[in-house]
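Tertiary structure, described
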Amino acid sequence: EPEVTQTPSHQVTQMGQEVILRCVPISNHLYFYWYRQILGQKVEFLVSFYNNEISEKSEIFDDQFSVERPDGSNFTLKIRSTKLEDSAMYFCASIGGRLYYNEQFFGPGTRLTVL
Amino acid sequence: QKEVEQNSGPLSVPEGAIASLNCTYSDRGSQSFFWYRQYSGKSPELIMSIYSNGDKEDGRFTAQLNKASQYVSLLIRDSQPSDSATYLCAVTLHNTDKLIFGTGTRLQVFP
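Attention in this report is confined to the structure presented alongside it. Values in this document were obtained by computation on a predicted structure and should not be read as measured data.

Checked against the element boundaries, Ser49(B) lands in strand β5 (residues 45–50). Overall, Ser49(B) belongs to the buried group, its relative accessible area being 2%. A polar side-chain atom of Ser49(B) sits 2.5 Å from a polar atom in the side chain of Glu103(A). Engagement of the side chain of Ser49(B) in a polar contact is seen with the side chain of Tyr51(B), the distance being 3.2 Å. Apart from residues no more than four positions distant in its own chain, Ser49(B) is found in contact with Glu103(A), Phe33(B), Phe34(B) and Lys56(B).

Next up, the structure:
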C-alpha cells in the first residue's frame, strides 16, 4: 500500500541554522500538507499546498517558513533560521483530490531538535 | 476560537471490553470528522472518517456523529492491549482541508 515517506527521521540543528525537511507524498496525490506537534501538545496545521502554490497557511507559518515542490515527487518544508521553539515533530500529509470529503494520510514524521 | 475538545484520560478498560471515546467541537460549520490513532512517538494513523449524522462501522470500530449536539464519538469493541494509544479527534471546516485536532485521549487496555 502506498505511503507518505519523510526524511530525515531525526534532525538536530543549532539555533539560527536553516533546515529542510523532505516528504514524498503518495504518488498521484495532489494536495499536500505540513503539520507539527510539539512534545505533549496537539497536532497543529502549518500549511496546505496545491498546484505549486500555498492554498492556506496558519499563523505559525511565518516568513521563516517556506514550502516547495521542486520536482514531481518531493515536497519540502524549509525553516530559514531555526528557533528553540521550532523543536517538534513535523508531519507531512497528502490527499488524492479536491473532493469535498477526503482523508489525509500522514508520513512517519521528522523529529526536529533545535539546540 | 475553533476548538476540538477531548478528555485527555487515561481511559482504562479491560481487554475485551468496549472503549468509548468522545469529542466535542465548537464550530457548527465543521464538515468532516476523523479519528486518528497515535502511538507514542509515531504519526497519526487514520482509523475512521464520518461525514453525516449517525453511525459508521468498520470492523471493531464504530464512529458516531451528532451534529446537533456537536459531538462525535468512537467505540472500540473487543478492546485489545494493542489498541493502547492516544486517539485524536480531528475536524475540517467548510471550504478548507486543514485538520483541526483535539489534544487526544489516551486509552489503556489492560490484560
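Between chain A and chain B, the residue contacts involve 22 residues of the former and 24 residues of the latter. Note on chain A versus chain B: buried area summed over both sides is about 1,800 Å², and carbon and sulfur give 51% of it. The interface formed by chain A and chain B contains 2 salt bridges. Residue Lys42(A) is joined to Glu3(B) by a salt bridge in which the shortest nitrogen-to-oxygen separation is 3.7 Å.

In this structure, Trp35(B), Val72(B), Leu74(B), Ile76(B) and Tyr87(B) are the most contacted members of the largest nonpolar core, which totals 25 residues. Looking at this core, the elements that each hand over two or more residues are β3 (19–25), β4 (30–38), β5, β7 (61–66), β8 (71–76), β9 (85–93) and β11 (105–110) of chain B. No other element matches the 5 residues that β9(B) contributes to this core. One finds Ile26(A), Phe75(A), Ala88(A) and Cys92(A) within the second-largest nonpolar core, a separate group that totals 21 residues.

This part takes up the packing of aromatic side chains. Taken as a whole and judged by the stated rule, the model has 15 aromatic pairs over all chains. Look at Phe49(A) and Phe75(A): their rings are 5.2 Å apart centre to centre, the planes differ by 40°, and that puts the pair in the tilted class. Here the residue Phe49(A) occupies a position in strand β5 (residues 43–50), and Phe75(A) occupies one in strand β8 (residues 75–79), the gap between them amounting to 26 residues. Phe75(A) carries the same exposure label as Phe49(A), and that label is buried. Above the plane of the ring of Phe61(B) lies Arg60(B), whose end atom (NZ or CZ) is 5.5 Å from the centre.

A word on the sheet that holds β8(B). Strands pair in a sheet through their backbones, by hydrogen bonds, and they do so in one of two ways: parallel or antiparallel. All names here are of chain B. Pairing in this open sheet of 5 strands is antiparallel, and the strands run β1-β3-β8-β7-β6 from one edge to the other. Single-partner strands in this sheet number two, and they are β1 (4–5) and β6 (54–58). When β7 meets β8, the two strands line up antiparallel, connected through 6 bridges. Across the sheet, Gln64 pairs through a bridge with Ser73, a residue of β8.

How each quantity is defined
- Residues numbered from 1 in each chain as written.
- Chains lettered and ligands numbered in written order.
- Predicted model: local features only at pLDDT ≥ 70, side-chain atom pairs only at ≥ 80, totals over all residues.
- Heavy atoms only, no water.
- Helix = DSSP H or I, 4+ residues; strand = E, 2+ residues; numbered from the N terminus.
- Buried < 20%, exposed > 50% of the residue type's maximum accessible area, 1.4 Å probe, protein only.
- Polar contact = N/O pair within 3.5 Å; in protein donor to acceptor, adjacent residues only side chain to side chain.
- Contact = heavy atoms within 4.5 Å.
- Buried area = accessible area lost by both parts, 1.4 Å probe.
- Salt bridge = Lys/Arg side-chain N within 4 Å of Asp/Glu carboxyl O.
- Core = buried A, V, L, I, M, F, W, Y, C linked by side-chain atoms within 4.5 Å.
- Phe/Tyr/Trp six-rings, centres within 6.5 Å; stacked < 30°, edge-to-face > 60°.
- Lys NZ or Arg CZ within 6 Å of the ring centre and 35° of its normal.
- Pairing = 2+ DSSP bridges.

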